[in-house]
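Here's the letter readout for the chains.
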Amino acid sequence: MTDRTRRRLMATAALIGGTALAAWLLSPQVDPRLVGEWVNVAPAEFAAYRRFNTDGTHSLSPRFPGGGGWAVSGDTLIFTENLPPFSLTGSLRRTWIAIVNRIRMGGPTREQYTILEVTPTMLRIQSQAGLAPVEVYRRKSIADSPPESRPPG
């Protein structure tokens, strides 16, 4: 391997590493207060539950059994589409797109909600997309919540 090739490889590795670090630092984070399963109580016709996982994945059932990602930035709850997993053996193009999308709020945003209130047992959110009603959820079980979000005692 020539010195020129070695320098190019090192520059490429530094660029990818720097981009990944920037993506992680700039991306919204998972809010531990929301982790767990929440059951919809209003509006009644919605009849669903949301599951927020610690790894940043999210599911909405039974109407939408698929999932995606979730994160919180300030008082905004962001739901995103699933991204391809990072893989050293995968396509460099696919990996690059995943990194760029992660920088751009975790991927192509599907929906953004304003968090109106979050307590250990209740979550109130409202879609920023339009005139949708406020969605109210109760935690399925307090044991379902992470220790840092449980009420004292």
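None of the values given here were measured: they were computed from a predicted structure.

Chemist: Is there a simple way to think about the nonpolar core in this case?
Modeler: Inside soluble globular proteins, nonpolar side chains tend to come together where they are buried. Grouped together as the largest cluster of nonpolar side chains are 17 residues, with contacts concentrated most on Leu34, Phe52, Trp70, Leu77, Ile115, Leu123 and Ile125. Where this core is concerned, the elements lending two or more residues are β4 (64-73), β5 (76-80), β6 (109-118) and β7 (122-127). A per-element tally of this core places β6 first, with 3 residues. The residues touching Ile125, leaving out its near neighbours within four places in the chain, are Arg50, Leu77, Tyr113, Thr114, Ile115, Leu116, Val134, Glu135 and Tyr137.

Chemist: Whenever I open this one, the packing of aromatic side chains confuses me. Can you help?
Modeler: Any aromatic ring pair is given by two values, namely how distant the centres are and how the planes are angled relative to each other. On inspection of all chains with the given rule, the structure shows 3 aromatic pairs. With centroids separated by 4.9 Å and ring planes inclined at 70 degrees, the aromatic side chains of Phe52 and Trp70 adopt a geometry described as edge-to-face. Of this pair, Phe52 sits in strand β2 (residues 49-52) while Trp70 sits in strand β4; the two residues are 18 residues apart in sequence, bridging distant segments of the chain. Residue classification places Phe52 among the buried residues on the basis of a relative accessible area of 0%. On the accessibility criterion, Trp70 (4% relative accessible area) is buried. Joined through ring pairs, the aromatic side chains of Phe52, Trp70, Phe79 and Tyr113 make up one cluster. The ring of Tyr113 is capped by Arg50, whose NZ or CZ atom sits 5.3 Å from the centre of that ring.

Chemist: How should I be thinking about the pattern of salt bridges in this particular structure?
Modeler: Once the charged atoms of two side chains with opposite charge are near each other, the side chains can pair. Under the definition given, this model contains 5 salt bridges. Between Glu37 and Lys140 there is a salt bridge whose closest N-O contact spans 3.1 Å. A residue pair is termed long-range when its members are at least 10 positions apart, and Glu37 in strand β1 (residues 36-42) and Lys140 in the segment after β8 (135-139) qualify at 103 residues. The salt bridge partner of Glu135 is Arg50, with a shortest N-O separation of 3.2 Å. You can see Glu135 sitting in strand β8 and its partner Arg50 sitting in strand β2, a full 85 residues away along the chain. Each member of the pair, Glu135 as well as Arg50, carries the same accessibility label: buried.

Definitions and limits used
Residues numbered from 1 in each chain as written. Predicted model: local features only at pLDDT ≥ 70, side-chain atom pairs only at ≥ 80, totals over all residues. Heavy atoms only, no water. Core = buried A, V, L, I, M, F, W, Y, C linked by side-chain atoms within 4.5 Å. Buried < 20%, exposed > 50% of the residue type's maximum accessible area, 1.4 Å probe, protein only. Helix = DSSP H or I, 4+ residues; strand = E, 2+ residues; numbered from the N terminus. Contact = heavy atoms within 4.5 Å. Phe/Tyr/Trp six-rings, centres within 6.5 Å; stacked < 30°, edge-to-face > 60°. Lys NZ or Arg CZ within 6 Å of the ring centre and 35° of its normal. Salt bridge = Lys/Arg side-chain N within 4 Å of Asp/Glu carboxyl O.

Purely geometric stuff here, so don't read any function into it on its own.
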